[in-house]
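Observations on the three-dimensional arrangement
Now for the letters of each chain:
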Amino acid sequence: MDIEAAVVAKASGDFHIEELTLDEPRADEVLVRIVATGVCPADTAARDQHFPIPLPAVLGHEGAGVVEAVGDTVTNVEPGDHVVLSFDHDQTCRNCREGNAAYCSNIGAYNFSGVRGTDMSSPLHRDGEQVSLFFGQSSFATHSIASERQVIPVPADVPLEILGPLGCSIQTGSGTVINTFDANAGSSIAVFGVGAVGLSAVLGAVIAGCTTIIAVDLLEDRLDVAADFGATHALDSREEDDITETIRDITNGGVDYSVETTAVPRVARQAVASTRIPGICGLLGGASSEPDPTLDMNDILNGRIVRGVSQGDSVPEIFIPQLIDLYRQDRFPFDELITFYELDEINQAFADSENGRAIKPVLCVDEV
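Residues numbered from 1 in each chain as written. Predicted model: local features only at pLDDT ≥ 70, side-chain atom pairs only at ≥ 80, totals over all residues. Heavy atoms only, no water.

This next bit is on the packing of aromatic side chains. Summed over all chains, the structure comprises ten aromatic pairs. With centroids separated by 4.8 Å and ring planes inclined at 35°, the aromatic side chains of F15 and F350 adopt a geometry described as tilted. Here F15, found in strand β2 (residues 15-22), pairs with F350, found in helix α11 (residues 346-355); they are 335 residues apart in sequence, far enough to count as distant. When sorted by exposure, F15 lands in the same class as F350, which is buried. Consider the rings of F134 and F135, whose centres lie 5.0 Å apart with planes at 70°: the pair is edge-to-face. The buried category is assigned to F135, whose relative accessible area is 5%. In textbook terms, an aromatic cluster arises when at least three aromatic residues are bridged by ring pairs, as seen for F51, F112, F134 and F135. (Phe/Tyr/Trp six-rings, centres within 6.5 Å; stacked < 30°, edge-to-face > 60°. Helix = DSSP H or I, 4+ residues; strand = E, 2+ residues; numbered from the N terminus. Buried < 20%, exposed > 50% of the residue type's maximum accessible area, 1.4 Å probe, protein only.)

Set out below in structure tokens:
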């Protein structure tokens with residue numbers, strides 16, 4: 001079938017809306033008409049080739065839409081269902097079988113290789129040549145082919161256009177606090193970088209019952225949002241001589257947990273040092289410009305834990321519906337992070353994300 005998609009053809013280049021051909025779904029695949037899709041820092045990293053996905057490519061990995069067709073063996077959704085698309089995984093490796101799909105042994109092949117994880121094919125074509133697939137979905141398009149594994153049915157009475165970011169950035173931030181840390185009521189946490197992922201971590205901390213929630217950022221408006229979401233302290237790192245000491249003073253020795261979302265090595269070191277002895281620091285940022293960030297071993301040897309986190313340790317088919325239930329209860333207002341754009345405004349959406357004018361850009365592709 002013919003579709004329209006935003007194609008990026010060179011590193012750090014602009015996206016161009018083009019007509020492509022999309023294959024029919026295979027036996028275990030689902031055809032989804034995309035209603036809206038989030039723009040995430042991982043898309044920027046792929047565009048700029050920090051994630052070296054072959055170009056040209058259709059990026060996008062926070063799709064939400066309506067099922068139009070399913071393959072012969074698909075059982076979890078049917079045409080007409082509303083769905084969110086999340087990351088792909090093989091379901092067969094040890095990690096997947098143990099319920100840790102976010103750490104699938106083949107996560108790279110299934111999400112970042114530019115082709116299906118099962119073979120060297122892409123369902124996307126331009127003038128007879130393959131166009132690279134991203135995260136098994138390539139949702140910067142009017143339609144997407146995705147595996148049954150990554151298609152999450154969602155209630156039809158919740159606005160579909162807001163739900164795509166639950167498939168990556170929102171579940172990553174909130175899941176780190178709720179799933180990875182399993183944060184205790186009454187505990188303390190510092191969140192370094194309060195973009196969409198960090199603000200989701202703030203919301204997760206409120207849900208978990210953390211009583212000291214410290215947001216750290218350079219942008220005053222984002223710190224204001226963090227305070228509105230429940231952060232008890234909002235620190236502008238430009239105005240602090242030593243952000244680590246400030247956090248230690250607030251918490252009488254350091255936070256129980258810290259979340260680092262920026263992928264800036266200096267900030268990662270601050271996040272680790274800001275935890276108490278022993279405390280846990282979750283590193284969420286990727287594609288750092290510094291390939292070999294260093295940590296002070298003295299900060300780690302005394303019992304602190306530094307933990308890389310993927311997708312908030314989420315099982316999407318369980319966690320995404322839980323987040324939607326929290327949203328329905330007015331306890332998880334993640335929709336307040338969203339700024340909407342049309343698909344042909346994609347380059348503006350990326351620019352606004354990078355310069356801080358938009359916290360979570362979402363591209364509106366079609367009506368429900």
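Turning to the pattern of salt bridges, a few remarks are in order. Within this structure, the stated rule accounts for 18 salt bridges. Note that R47 is salt-bridged to D48, the shortest N-O span being 2.8 Å. Residues joined in a network through salt bridges with shared partners are D28, D88 and R149. (Salt bridge = Lys/Arg side-chain N within 4 Å of Asp/Glu carboxyl O.)

Let us now look at the nonpolar core. Counting residues in hydrophobic clusters, the biggest one holds 50 residues, and the most contacted among them are L163, L166, I189, V194, F332 and F334. In terms of residues, this core owes the most to one element, helix α5 (residues 196-208), which gives eight residues. With sequence-adjacent residues up to four places away left out, L166 is seen in contact with Q171, I320, L323, I324, F332 and F334. If you look at the next biggest cluster of nonpolar residues, it comprises 47 residues, including F15, I53, I145 and Y341. (Core = buried A, V, L, I, M, F, W, Y, C linked by side-chain atoms within 4.5 Å. Contact = heavy atoms within 4.5 Å.)

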